[in-house]
Amino acid sequence: MDFVQVQNLCKNYPDAALGEFKALDNISFVARAGEVFGLLGPNGAGKTTALRILATILQPSSGSVRIYNFDVTEQADFVRHSIGFVSNNTAIYDRMSAWEFVEYFGRLYALPADRLYPRMEKIFRTLQMEEFRDCPGVKMSTGMKQKVSIARALIHDPPVLIFDEASLGLDVMVARALQSIVMDLRDQGKCIIYSTHIMREVERLCDHVAIIYKGKLLDTGTLEELADRHEQNDFEELFFQLLTKGDKGHFDAKPPVDLGMRIRTASTASQGRAL
Amino acid sequence: MNWSHVKLIFHREVRDQLRDRRTMFTICILPLLLYPLMGMVMLQVAQFHREQHVSIGIFGYENWPSDSPLILDSSDPSQIRWETLTVDDSIGATLEQFQSVQAQTNSEVKNKSTESYIVNGKAAEKLLRQVHCDAVIWVPPGYHNSISINPLVILSNQRWERSQLAIRLLAEKLEGWHLSWIRTQLAWTELGTALVDPLAIRQLDVSPPEVKRALVWTKILPFVMLIWALTGAFYPAIDLCAGEKERGTLETLLCSPARRKEIVWGKLLTIMCFSMGTALLNLASMHTTTSIVMTQFSQLGATDMVASLGPLPLHSMGWLILLVIPISAMFSALALAVASLARSTKEGQYYLMPLLLVGMPLVMLPMIPGVTLSHGTSVVPVTGAVLMSRALIDGEYGLALLHLPTVIAVTLYCCFLSKRWAIRQFESESVMFRDSERSSVAQWIRNVWRQREDTPTSNESILCGLLIIVGLFFGRLSLSGMPLSWTSVVQSTLVIQVGIILAPALIMATMLTRCVRKALRLHRPRPLEMMAAASLAVCLHPTFMAFAAEVGKEYKLGEQTNSMLMQFDSIISSTTIWQVLLMLALIPAICEELVFRGFLFAGLQRNGGQLRAILVTAAFFGLSHGVLQQTITASVMGLMIGWIAYRSGGVACTIAFHATHNSISMLLAWYSNRGLNSPHYLSWAIEHSDGHLAYTSTWCALSVGIAITLIAWFATRGSVLSNPRSSIGMNDLHQQRVTFTA
Ligand SMILES: Nc1ncnc2c1ncn2[C@@H]1O[C@H](COP(=O)(O)OP(=O)(O)OP(=O)(O)O)[C@@H](O)[C@H]1O
Ligand SMILES: [Mg+2]
């Protein structure tokens, strides 16, 4: 099932110098249930912009985005109930404890108490957050904060999860924990959009990727498809090549891939699960 | 709107603020500490003040007439400490010098025996320091015998505050002495003392003491409360908007199920809560402290002061608490909108000043002596509410009830506008996710040029309006010295209309838009509509005159203004009517319409802002008439003209309306002043009364009917048609304006 459908998405920011700045230019991709979709791109590529549109925080300038078959502009309320959004910008409140924070959002999602508290207990246990559940936000480390953010995004059990550079600033231990959380979620059949520019993470986690650069979609497909198409097995090298070509304007915006033909690569998947 | 979201957000924000030490300090601790501390300082100062004495030295007291001593005895309770000094050689020499100064200037001095001369030069200051006195009197030898030849010499140094006080006290003392001396002299004659005391007065004040005590408080307390309401709103607002943006928690909230509107409501209620809390806590703390301090004062014996500034009556607190609610609501919404513009708390602090600058005049206005609740003041936001609470405290319930609907309507509307502004801020991506400005000023200007459109933007329009208002302010100042003559009237009309009003709009239209014709809303005139507009002007003229007369009654013109108007009338009547119509009717109509209903209207009506365009251009149009009465009448007319401009889609009709209106006013004034009667065939509409031409009641009634018909005609014409409507009676306005500038 296509949980996330992005079609010809464009986003312009008003810009004093250029009048309009095209942060996203005709982006299309599809992400399905039970997969991790990697959104890759260098700094300033437009990843955050795209994911904010998916999370209904920003409005698209044109194009359509459907999440869980709800339109982000027309059915924003439904979309919000269907997503959990974690980014390095979605911080937590300084003067609230982890427990209060998650409870607050749970109640905003209108979860009844008899469902909310058991779910909170479960999430706190799974994410190993019990020892700092009464710790106020100011006193938490980056890793703890990120866990609280994830707990917040999971509280209403959404079908789609959006992670925007969620591993930023995390140490190896926590980053791995995060990866295993993501893989667990995938195995539960959730659709996960995962943006990063760490290639090792991509190789480990992502089933599908889309590479964007300066607001344009350079290529999209499974890791194998990309490797075959560009005759390059080292993914970091491949990424670099694509960007260099993109700079020279060798790519047109339209990816030569048929999104429907998707082969899950055993290697990446098994590699991921092994962790 | 999901109110459960609002409630959740509200609870969380309040709890969050209560956990914040800084907020708690400014909102709770500070008021609790501030007033007791201030009270303590006041008590100390008062004690210190009471003990302040000035010392006045007297040289040559032996020369003072001994039968009525100036210095009574040591039990004299005044603040003056007298020092009788003896003249030694060096001091004698200095005093001699002053006597010569004295002699030189004496001729210019009016026949006053005690005149103090501030003698330039170090000698006097040295002398004062030498004898350790704040002021010195010298009674010259022979003073007793020849007062008019040898006046008293008083030396002081007005640079020193104590010296100022000494002179003031001394003057009182001498005055008293003077009177008692006259009484003594009169007692010797047959006349009796009735000559100096022709009146026996017993003054009675009938106001109840507690109302009188409230009097000072009614001026001070609303001010204090408003300041705290604003402060109490502002800091939480910054923390709730800019602070959340800075810390990144806003994005967390924005992707939650809470809608922007609900977020705004939640935050707004929180801010209101704290704004009200701060104001009330300050009020309570101030009340307690003053009650205690005042009791202390009365124990200290300063009874006069306590009488005028006694403890605050409790019932007035109730009215003040009522005042807090609407004011807090308004300030909170304003603070929220302003704070949401800021990217960081630091940036947010910068916005406090502009907000204070806007709020302060509204708060200060009720403190001006003589400003009371009236039709005029009740429509001013904040001011109306403050005056209302004051009327309630003073027990003038009838007056308060009369203006209650207006004040409530104005306050609610302001609250609504501020709230809507705040919600718009939250819905605007460019505000919520503002990038740091990446371009330079030069780039920005280039961009403005490159992105010109057919019509100006609303910001450009507003800027143009402001430029014109500022230009008119300085223009009028510089023209005000001109002599009153027809030439100067022509000059000032041209300078103001073409130079100050039209020029900025024309320049901006040329530089900032691609199409001057569209920017000024010039369209092909439709004769039928223009005629209808002109007719409407004719028919609305009696109504406008009546309205202007009402306004004139409510806000009286000053003496000076009136005499200038008379002069102006006589200037007009000494000129040919064609010149008057050209200079005072046609040219102003064209210039003002091109600017207000042209350039300004074009920019403001973009994106469906027709109502905004009508309101704002009317306000600017009113403000461009420098005197309050004209501002009011012109603003109301501006609404009408604006509506016509909207219905007709251009300026042709409004020019026709405006010019017609002006012409009628000019014709009436011209004929009246020449003492001419109106043509015979118009006798059914215009009559001669009191040496003026006036409308007959037949025409007044008829005109209203025709005007309504014409308005209906305009209103029902399809919007496809661009019908120029009426522009209203600007004639008198011009007339007056020119008068003031000339
Ligand atoms: N609110 C905004 N206003 C104007 N321009 C913006 C705004 N937000 C982002 N941009 C611009 O849009 C482009 C894409 O930004 P975005 O944050 O989406 O990139 P990103 O791929 O997430 O980069 P990074 O890897 O650094 O997070 C950048 O050039 C950025 O400067
Ligand atoms: Mg980013």
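This is a predicted model, so every value here is computed, not measured.

**Observations concerning the overall build of chain B**
Then comes step 1: A tally of helices and strands in chain B yields 28 helices and seven strands.
Then comes step 2: Within chain B, the proportion of its 742 residues that are buried is 49%.

**A look at the site of ligand 1**
Then comes step 1: The environment of ligand 1 is formed by 16 residues, the closest being Gly 44, Lys 47, Thr 48 and Thr 49 of chain A together with Phe 433 of chain B.
Then comes step 2: Near ligand 1, residues from chains A and B are present, making the site a shared one.
Then comes step 3: Residue Asn 43 of chain A places a side-chain N or O atom 2.9 Å away from an oxygen atom belonging to ligand 1.
Then comes step 4: With respect to ligand 1, the backbone of Gly 44 of chain A contributes an N or O atom lying 2.7 Å from an oxygen atom.
Then comes step 5: Surface burial for ligand 1 is 80%, taken as the share of its 630 Å² of free accessible area covered by protein chains.
Then comes step 6: Going through the elements one at a time, β2 (19–32) and α1 (47–54) of chain A are the ones with two or more residues in the shell around ligand 1.
Then comes step 7: Broken down by element, the residue count for the shell around ligand 1 peaks at three residues, all from α1 of chain A.
Then comes step 8: Residue composition of the shell around ligand 1, grouped by class: six nonpolar, six polar and four charged.

**Focus on the packing of helix α3 (residues 98–108) of chain A against helix α5 (residues 142–154) of chain A**
Residue and element names in this part refer to chain A.
Then comes step 1: Following both chains from N to C, one finds α3 and α5 inclined at 25 degrees, their axes separated by 9 Å at the closest point. By the angle class used here, α3 and α5 are roughly parallel. As for how α3 packs across α5, the hand of that crossing is right-handed. Mapping the contact onto sequence places Ala 98, Phe 101, Val 102 and Phe 105 in α3 and Val 148, Ala 151 and Arg 152 in α5.
Then comes step 2: Split into classes, the residues belonging to the contact of α3 with α5 amount to six nonpolar, no polar and one charged.

**Comments concerning the packing of α3 of chain A against helix α4 (residues 113–126) of chain A**
Residues and elements named next belong to chain A.
Then comes step 1: In the contact formed by α3 and α4, the axes pass within 11 Å of each other and the chain directions differ by 135 degrees. Here α3 is positioned oblique relative to α4, judged by the angle of their axes. Handedness of the α3/α4 crossing: right-handed. Contact residues: Ala 98, Trp 99, Val 102, Glu 103, Gly 106 and Arg 107 in α3; Leu 116, Tyr 117, Met 120, Glu 121 and Phe 124 in α4.
Then comes step 2: Across the contact of α3 with α4, the residue classes tally to seven nonpolar, one polar and three charged.

Parameters at a glance
- Residues numbered from 1 in each chain as written.
- Chains lettered and ligands numbered in written order.
- Predicted model: local features only at pLDDT ≥ 70, side-chain atom pairs only at ≥ 80, totals over all residues.
- Heavy atoms only, no water.
- Helix = DSSP H or I, 4+ residues; strand = E, 2+ residues; numbered from the N terminus.
- Buried < 20%, exposed > 50% of the residue type's maximum accessible area, 1.4 Å probe, protein only.
- Near = heavy atom within 4 Å.
- Polar contact = N/O pair within 3.5 Å; in protein donor to acceptor, adjacent residues only side chain to side chain.
- Areas by Shrake-Rupley, 256 points an atom, 1.4 Å probe, with all protein chains shown as cover.
- Nonpolar A, V, L, I, M, F, W, Y, C, P; charged D, E, K, R; others polar.
- Axes fitted to C-alpha atoms, helices over the stretch in contact; angles between N-to-C directions.
- Parallel < 35°, antiparallel > 145°, perpendicular 65-115°, else oblique.
- Left-handed = near helix turned anticlockwise from the far one by under 90°.
- Contact = heavy atoms within 4.5 Å.

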